[in-house]
Amino acid sequence: MADSSSSLHPLSERISHKSYVLRAVDVTMLGLLYSLLLYRILHISQKAQNDNVWLMAFFCESCFSFVWLIFTCIKWSPAEDIPYINRLDERVYDFPSVDMFVPTADPVREPPIIIVNTVLSMLSVNYPANKLACYVSDDGCSSLTYFSLKEASKFAMIWVPFCKRYNVRVRAPFRYFLNPLVSTDDSAFRKDWEMTKVIIFLLYLFCINMKREYEKLCRKVEDATGDSHWLDADDDFEAFSNTKPNDHSTIVKVVWENKGGVGDDNEVPHLVYISREKRPKYLHHYKTGAMNFLLRVSGLMTNAPYMLNVDCDMYVNEPDVVRQAMCVFLQNSKNSNHCAFVQFPQNFYDSCTNELAVLQSYLGRGVAGIQGPFYIGSGCFHTRRVMYGLSSDDIEDNGNLSSVATREFLAEDSLVKKYGSSKELVKSVVDALQRKSNPQKSLENLIEAAQQVGHCHYEYQTSWGNFGWLYDSVAEDINTSIGIHLRGWTSSFISPDPPAFVGSTPSLGLEAIVQQRRWSTGAIEVLFNKQSPLIGMFRPKIKFRQRLAYFWALMCIRSIPELVYCLLPAYCLLHNSALFPKGPCLGIIVTLVGMHCLYSLWQFMSLGFSVKSWYVAQSIWRIIATGSWLFSIQDIILKLLGISKIGFIVAKKTMPDKPTQGEDDGPKSDLRKFEFDSSHHFIPGTFILFVNLAALAFFFVGQQRSSCSHGGGGSGLAEACGCILVVMLFFPFLKGLFEHGKYGIPLSTLSKAAFLTVLFVVFSLGK
């Protein structure tokens, strides 16, 4: 409970980051884009009568103008919330409970040692241990994951008190022991530190060994030869016998229960392992279904009013992160009851994520200044009542349910129809909706009820998927986010320094492209489902600019005009036709390109990145975009035609031996780290590079036609400069031509791209 005196300073406040200079730059670039479109329109009858280059350029530039218009609207009024945790500690006497969710699905692609570090960092946050519970959802039904959590709970008995005693900042052991952040001459500290270091090192080695044992176990299961010896030796692992990742019963295990805790620094929060039932012929909705199972089980066991959702590789980097979120939720203000979730940005300690950091900094704050940031799948605190389907209209000013909502949500028939047949779950839902405190119960006594709500048929003929985490898209985050905002809720954006959560990204190569392809496909799916910003444009509960912001999914669709525009300069050089304006009007293009480069460079450097990081990010982003966005559109088309369904591929997580130092300064990048293989994802980029190199070769050896054939001049230096710019953007592909092994482009990809290039050149010269 918090002191609600109106004379006290706020627990949090929203800070505006408006910049009239940046607004002027955005509007100027928008004006230049529309000036270019106007020039195209005025000369379209003259230029388009002989070929379609002018029309194609007009189409592409129209798409770019629309995307920039959306970005300008998003960034127009940036803001973020600033929490004051010192004020929170002074006023709050009884902190609200928080349930923490960690989903995982594959022990090979998501090694258990990574999950262990994430869980340990969450168990040791600066928050009363008796108010926390950590739930790990294992969709792969891995005995190795469960075993690792059991070992982690033992280590947590000394790790959690150690972190709180010495106020350790980075509480993921694998990061802390590589670079201890505490310097002291205290002999007791040194003794404790050495003891802890030895234990975690042994745990790490043991988990690596157990991973090998798990791989042997998988082979034995496939061959139906039985289980491994250590699995048979412990009755606690009997539930994992004869199981497969897509065919097993519900498993709920209380790894550690904080019985009778009072919240002191020596306590460890609850730790629960769950794995829902999965059968081959039942639809399980991938990660979204696992999140809804977490919502149900946590509601049965602890029923905390707030929930933290993090990816299994996204460890807590700021021990006070829970208190920071509570500052927003507990803020005594007019709109305190309308904040549905608090989103923290994602930060990474490896790979090339500079582009993502810039997008989060500017677009994230931009959307936060409208109706609130998007839910991005990790590092987010949710309100349980909102996830159970409440709209902002269902809440009165004092936070209680309105009379209409009471009749709608608390009627017995309605509860069973919405939430299922479990009486225990229905009771916990009623308690959550009415903000009743959850009585302390033994978690072991609730295992049977928790198993019931994990059956694969439990959600049938209920409303699950229309509330909670929403179905109908593999991008469960953006889909759920727009569903929440459509119900009239707001959200908050907190970007602390140091970052609240830090994680890993897939290696630069096919893994990164496949992950981006899934994100892009899911984002486009949202455009065609019930939450689509294209449908119901005049719904009053969501602001128009917020709805417009959700059109960021069009970033994926813009891959088609980007691909075409990268080919147009080469086509014009080969065909001797003009792409860009002649004379003084060429200044529109030059100014646009120059301003965009300088603008994006300033955005990177203002966040502490170097010029090299900016250039590398542009190149890497171009590879990922051409390799993923185009195929995302293909996936959507095939789904709409009913030819195939969209699957969910788990991104491979890695833990580097020596992470980049100083995650606060942003990740470092190196073009050489990009890995190629024979996947078709690399054909478009290689094809674009070959086409532009071929066009430049024709141009510089004097093979272009010298006559003016299209009423006002053929191709020239401007088009050649366009080709050079494209080659620079696709420099990693150029580098891949001269590398070997995994860093070189495979011969099969080169052959296919070369064949397409020959067809393109013949077509261009023959027109």
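Residues numbered from 1 in each chain as written. Predicted model: local features only at pLDDT ≥ 70, side-chain atom pairs only at ≥ 80, totals over all residues. Heavy atoms only, no water.

**Q** Talk me through the overall build of the chain; I want residue IDs and the actual numbers.
**A** Looking only at helices and strands, the chain features 28 helices and 13 strands. Each of the 767 residues in the chain was classed as buried or not, and the buried ones make up 58%. In the chain, the share of contacts with a sequence separation of at least 24, taken over all contacts with a separation of at least 6, comes to 83%. Carbon and sulfur atoms make up 58% of the accessible area of the chain, which amounts to about 31900 Å² in all. (Helix = DSSP H or I, 4+ residues; strand = E, 2+ residues; numbered from the N terminus. Buried < 20%, exposed > 50% of the residue type's maximum accessible area, 1.4 Å probe, protein only. Contact = heavy atoms within 4.5 Å. Areas by Shrake-Rupley, 256 points an atom, 1.4 Å probe, with all protein chains shown as cover.)

**Q** So, unusual backbone geometry: which residues are in play, and what are the values?
**A** Looking along the chain, the bond that leaves Asp497 and enters Pro498 is cis, with omega of 10°. If you trace the backbone, Pro498 turns up in the loop between strand S12 (490-493) and strand S13 (501-503).

**Q** Describe in detail the pattern of salt bridges, supporting the description with residues and values.
**A** All chains considered together, the criterion is met by 18 salt bridges. A salt bridge links Glu476 to Lys287; its shortest N-O distance comes to 3.5 Å. One end of the pair, Glu476, is in helix H18 (residues 476-486); the other, Lys287, is in helix H10 (residues 286-301), and 189 residues separate them in sequence. In terms of burial, Glu476 and Lys287 fall into one category: buried. Connected through salt bridges with shared partners, the residues Asp139, Arg276 and Lys278 form a single ionic network. (Salt bridge = Lys/Arg side-chain N within 4 Å of Asp/Glu carboxyl O.)

**Q** So what about a nonpolar patch on the surface? Which residues, and what values?
**A** A cluster of nonpolar residues, Val593, Phe700, Ile724, Leu725 and Met728, forms a patch on the protein surface that exposes about 430 Å² of accessible area. With three residues, the single largest contributor to the nonpolar patch is helix H26 (residues 717-729). Following the sequence through the fold, Val593 ends up in helix H23 (residues 586-606). (Patch = residues over 30% accessible without salt bridge, like charges linked within 9 Å, V, L, I, M, F, W, Y side chains within 5 Å.)

**Q** A description of H18 should follow, citing residues and the corresponding values.
**A** Taken across its 11 residues, H18 has 11 buried, putting it largely inside the fold. Buried residues of H18: Glu476, Asp477, Ile478, Asn479, Thr480, Ser481, Ile482, Gly483, Ile484, His485 and Leu486, and no others. One or two steps after H18, the chain reaches Gly488, where phi turns positive at roughly 95°.

**Q** Quick one: what's the story with the packing of aromatic side chains, residue by residue and with numbers?
**A** Evaluation of the coordinates by the stated rule reveals 38 aromatic pairs. Centroid distance Tyr146 to Phe240: 5.6 Å. Interplanar angle 25°. Geometry classified as stacked. One end of the pair, Tyr146, is in helix H6 (residues 143-166); the other, Phe240, is in the loop between helix H9 (229-232) and strand S5 (251-256), and 94 residues separate them in sequence. The burial state of Tyr146 is the same as that of Phe240; both residues are buried. For Arg40, the ring lying beneath its charged end belongs to Trp54, and the centroid distance is 4.3 Å. (Phe/Tyr/Trp six-rings, centres within 6.5 Å; stacked < 30°, edge-to-face > 60°. Lys NZ or Arg CZ within 6 Å of the ring centre and 35° of its normal.)

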